[in-house]
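Listed below are the residues making up each chain.
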Amino acid sequence: MKYYLIAGEASGDLHASHLMKALREADPEASFRFIGGDLMEAQGGTLVRHYRQLAYMGFIPVLLHLPTILSNMRHCKRDIAQWHPDAVILVDYPGFNLNIAKFVKKRTIAPVFYYISPKIWAWKEYRIKSIRRYVDKLLSVLPFEIDFFEQKHHYPIHYVGNPTADEVRLYLENKPAAEPGARPVVALLAGSRRQEIKDNLPAMIEATRHLTARYRLVLAGAPGIDDAYYRQFLEGSDVELVKNRTYDILASAHAALVTSGTATLETALFGVPQVVCYETPLPRLIGYLRRKVLKVRYVSLVNLIADREVVRELVADSFSVSNIRHELDMLLDGPSRQQMLDGYNEVRQRLGTECAPANAARIIVEEMKGGKAEVGKEMK
């Protein structure tokens, strides 16, 4: 069968590449076209657009690049219509992907599967209307989403397991031995987009200057961000830039500063105590709105999965160099370190041990062949 996949950023490229591998195992005749990245391209098929041409965040960057975004969307729609796949598989990235889902369903081109469901429980809950109309099957990688979609909105959803947990587990089973006598690492994970890096990295660097004698300060460089962009922030600091080796860095890290996102969960699954840092514009206003308007109490996946504060979140009005430094010092030497590690064990238990890409591929293939597949609902 012919599968068209769309992943709009680095994490989606990673998860979609594993799904493609699982789809080929479930369907040896599988062929692929996709918007994605290098990891998906390595699985075979045709790369239509690289996610670097799509990955804009924030109101101003999106507005400035709106002609490019709209052009890519038109091209994607034409390409889907011309290739006429048997299934369209969307991976996160809801602003773009829900528009594509609407096009595909209105043209009756193919069933639409959504792998890594949109996080409408955090904001833009009205998108449930588009999901109802244009998505045939929603596949979740976060166990708490089942109650949100099924109990609150009466929309069926399948929890297939968590791909990040799968990926970290596989890495740890095969990781190289640690270098003997090496200085412990404090990892800096400043996000995968330029705006995130610009907003968060300078404060992370400043908050760790006092640690240079005792620790290696290592910045995990994101795919698609060139070295020159990082150098403007690293000049005059002792922070080392290491590209495309985030898991290697986390495997040797003693603690980490992490921008909110999938990286917070990766850090937890590696057992690395962390401080979540996320600067916003108008921090006092955003801090107020976060407390009064947002529908969730937390921004990090770790706390959302645990349904309590396992990791400290310094967001908006609580984001400052002094706060970051204080919380990090507590994790390096204080009693909160073990408390956080105990909380990580709870997160692992809630995620379970299901293989997300294999389960998702089985559901998609069986659905296409007229079968029925129910996976993971017992793992609430």
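Heads up: the structure comes first, above all this text.
A. Molecular detail of the sheet that holds strand β9 (residues 216-221). Overall, parallel pairing links the 6 strands, which are arranged β10-β9-β8-β11-β12-β13 in an open sheet. Both edges of this open sheet fall to β10 (240-243) and β13 (312-315), since each of them pairs with a single strand only. Sheet twist, expressed as the average angle between the axes of neighbouring strands with direction ignored, equals 25°. Bridge count between β9 and β10: 4 bridges; the pairing is parallel. Bridged to L219 within β10 is L241.

B. Here's a closer look at unusual backbone geometry. Phi angles above zero are rare outside glycine, and T108 is one such case at about 50°. Tracing the sequence through the fold places T108 in the loop between α5 (94-106) and β5 (112-115). Phi at H154 is positive, roughly 55°, even though this residue is not glycine. In this structure, H154 sits in the loop between α7 (145-152) and β7 (158-159). With relative accessibility at 62%, the residue H154 sits in the exposed group.

C. Structural view of the environment of Y171. Position of Y171 among the secondary structure elements: in helix α8 (residues 163-174). With residues near it in sequence (within four places) discarded, Y171 still touches P176, Y247, D248, A251 and F270.

D. Representation of the pattern of salt bridges in the model. In this structure the tally under the stated criterion is 18 salt bridges. The shortest N-O distance in the salt bridge between D136 and K105 comes to 3.0 Å. One end of the pair, D136, is in the loop between α6 (128-134) and β6 (137-140); the other, K105, is in helix α5, and 31 residues separate them in sequence. On the basis of relative accessible area, D136 is assigned to the partly exposed category, the value being 40%. You can call K105 partly exposed: its relative accessible area is 27%. Taking the shortest distance from any N to any O, the salt bridge between R350 and E346 comes out at 3.5 Å. A residue pair is termed a helical-turn pair when its members lie 3 or 4 positions apart in one helix, as R350 and E346 do in helix α16 (residues 336-351) at 4 residues. Three or more residues joined by partner-sharing salt bridges are found here, namely E9, R193 and E196.

E. Layout of the sheet that holds β7. Judged by pairing direction, the sheet is parallel, and its 7 strands sit side by side in the order β3-β2-β1-β4-β5-β6-β7 without closing on themselves. Each edge of the sheet is formed by a strand with only one pairing partner; in this case those strands are β3 (46-50) and β7. The pairing of strand β1 (residues 2-7) with strand β2 (residues 31-36) spans 5 bridges and is classified as parallel. Each residue of the ladder has a partner; that of K2, found in β2, is S31. Contacting β1, β4 (87-91), β5, β6 and β7, helix α17 (residues 356-368) runs over the sheet at an angle of about 170° to β5.

F. Highlighting the environment of R107. Assignment of secondary structure puts R107 in the loop between α5 and β5. Owing to a relative accessible area of 54%, R107 belongs among the exposed residues under this scheme. Remark: the alpha-carbon pair of R107 and A81, spanning 26 residues in sequence, is separated by 8.3 Å.

So, how was this worked out
- Residues numbered from 1 in each chain as written.
- Predicted model: local features only at pLDDT ≥ 70, side-chain atom pairs only at ≥ 80, totals over all residues.
- Heavy atoms only, no water.
- Pairing = 2+ DSSP bridges.
- Helix = DSSP H or I, 4+ residues; strand = E, 2+ residues; numbered from the N terminus.
- Axes fitted to C-alpha atoms, helices over the stretch in contact; angles between N-to-C directions.
- Buried < 20%, exposed > 50% of the residue type's maximum accessible area, 1.4 Å probe, protein only.
- Contact = heavy atoms within 4.5 Å.
- Salt bridge = Lys/Arg side-chain N within 4 Å of Asp/Glu carboxyl O.

Read these as geometric descriptors, not functional statements.
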